[in-house]
Amino acid sequence: MPPLEFGTIRGFGDFRAALLRAGFAVGGENDEGIFSLRPYMDPSLQYHTGDPETDPWLWRVRVLEDRALAGGKVFSGKAGWISREWYPLFLAVRRRGKSLEELYADGLVSRLDREVYRTVAGAGLLPVHKLRERISCDKPSQIEAALSRLQAGLFLTVCGETRKLSKDGRPYGWPVSLVCTPEAFFPEDVWGESLRISPGEAYARIREQVLRLNPQADEKHIRRFIGG
């Protein structure tokens, strides 16, 4: 299949359309040897202006609003996005048909990761700072590491942002991420779809798309990218 080409991204609509066409992309300037939309961004775009149409900083969360794209630390600890179309294929590769509880029983998921997952799943969605309050842990960094592993495994996904509230109910500080399970995020059954495709076939289809996005991608980078 021919390589995919993208025009100049000048606003949010261009960005969202390009992400959906690509199917997945790494966030930021470093494409991890795979693919990023940063080279296609109009150099006149400015970050942190507060304009939802032209501020790329706001786009990273805005693209999640209609549930056509999921985002988070999904590529080896690096932030990025996966579209609804491609999400079941990544699920098939990374979960291999097993739930978190089954992987925990196999000794492949830690007790902390299981507790973080259960806490979020039980709440429906949860701000990260509230998650820290609900889980007893010696080091906050351990919870952050668990969140990163669960996002890479596609057990949790970022579903928006919120702000902390003061005692009198006023928002303050920087926005904090909201997290939920992919099953709660997507309106359709992405997990069920992932069970209808083998990990090998899913890997091959993602690899083919990677090479359409970046014909120079090497196999080492591809394996790491797809496997999370």
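Located above this text is the structure these notes cover.
Residues numbered from 1 in each chain as written. Predicted model: local features only at pLDDT ≥ 70, side-chain atom pairs only at ≥ 80, totals over all residues. Heavy atoms only, no water.

## Some words on the overall build of the protein
The helix and strand inventory of the protein stands at eleven helices and six strands. For the protein, the C-alpha radius of gyration of 18 Å lies close to 17 Å, the compact-globule estimate for 228 residues. Taken over the C-alpha atoms alone, the protein extends approximately 50 × 45 × 30 Å along its principal axes. Taking all 228 residues of the protein together, the buried fraction comes to 46%. Charge-centre separation for the protein: the mean point of 33 positive side chains lies 4 Å from the mean point of 30 negative side chains. (Helix = DSSP H or I, 4+ residues; strand = E, 2+ residues; numbered from the N terminus. Rg over C-alpha atoms; globule rule 2.2 N^0.38 Å. Buried < 20%, exposed > 50% of the residue type's maximum accessible area, 1.4 Å probe, protein only. Lys, Arg positive; Asp, Glu negative; His and termini not counted. Charge placed at Lys NZ, Arg CZ, Asp CG, Glu CD.)

## Observations regarding the environment of Ser-99
Checked against the element boundaries, Ser-99 lands in the loop between α3 (87-95) and α4 (100-105). Judged by its relative accessible area of 27%, Ser-99 falls in the partly exposed class. Distance in space between the C-alpha atoms of Ser-99 and Phe-155 is 8.7 Å, their sequence separation being 56 residues. Sequence-distant contacts of Ser-99, that is, excluding residues within four places in its chain, are made with Phe-155 and Trp-191. (Contact = heavy atoms within 4.5 Å.)

## Thoughts on helix α11 (residues 219-227)
Within α11, the full set of buried residues consists of Ile-222, Phe-225 and Ile-226. Buried residues of α11 fall within an arc of 90° about the axis and therefore sit on the same side. Seen from the open side of α11, the exposed residues pointing more than 90 degrees away from its buried face are Lys-220 and Arg-224. Contacts made by the buried residues of α11 are with β1 (24-26), β2 (69-75), α3 and α10 (199-213). (Arc of directions from axis to C-beta.)

## What to know about the packing of aromatic side chains
Going through the model one piece at a time under the given rule, you end up with 14 aromatic pairs. Chaining the aromatic ring pairs together yields one cluster made of Phe-24, Phe-75, Trp-86, Phe-90 and Phe-225. Seen from the ring of Phe-6, Arg-21 lies directly overhead, with NZ or CZ sitting 5.3 Å from the centre. (Phe/Tyr/Trp six-rings, centres within 6.5 Å; stacked < 30°, edge-to-face > 60°. Lys NZ or Arg CZ within 6 Å of the ring centre and 35° of its normal.)

## Structural notes on the pattern of salt bridges
Enumeration according to the criterion identifies 17 salt bridges in this entry. In this structure, Arg-16 engages Asp-66 in a salt bridge whose closest nitrogen and oxygen atoms are separated by 2.5 Å. Of this pair, Arg-16 sits in helix α1 (residues 12-22) while Asp-66 sits in the loop between α2 (56-62) and β2, and the two are 50 residues apart along the sequence. Among the salt bridges present, the one from Arg-84 reaches Glu-193, with a minimum N-O distance of 2.5 Å. Of this pair, Arg-84 sits in the loop between β3 (78-83) and α3 while Glu-193 sits in helix α9 (residues 190-194), placing them 109 residues apart in sequence. (Salt bridge = Lys/Arg side-chain N within 4 Å of Asp/Glu carboxyl O.)

## Observations concerning the side chain of Arg-95
When you line up the elements, Arg-95 lands in helix α3. Judged by its relative accessible area of 3%, Arg-95 falls in the buried class. When neighbours within four sequence positions are excluded, Arg-95 is seen to be in contact with Gly-153, Leu-154, Phe-155, Pro-182, Glu-183 and Trp-191.

## Let's talk about helix α5 (residues 111-123)
For α5, which comprises 13 residues, the first-to-last C-alpha distance of 18 Å matches the rise-based estimate of 18 Å (1.5 Å per residue) to within 8%. Taken residue by residue, α5 has Leu-112, Asp-113, Arg-114, Val-116, Tyr-117, Thr-119 and Val-120 as its buried positions. On its buried side, α5 packs onto α4, β4 (125-127), α6 (128-134), α7 (140-152) and β6 (171-180). Looking one or two places after α5, you find Gly-124, whose phi comes out positive at around 90°. (Expected span 1.5 Å × (residues − 1).)

## Here's the deal with the pairing of β6
Across three bridges, the pairing between β4 and β6 is antiparallel. Note on β6: the bridge partner recorded for Leu-126 is Val-179. (Pairing = 2+ DSSP bridges.)

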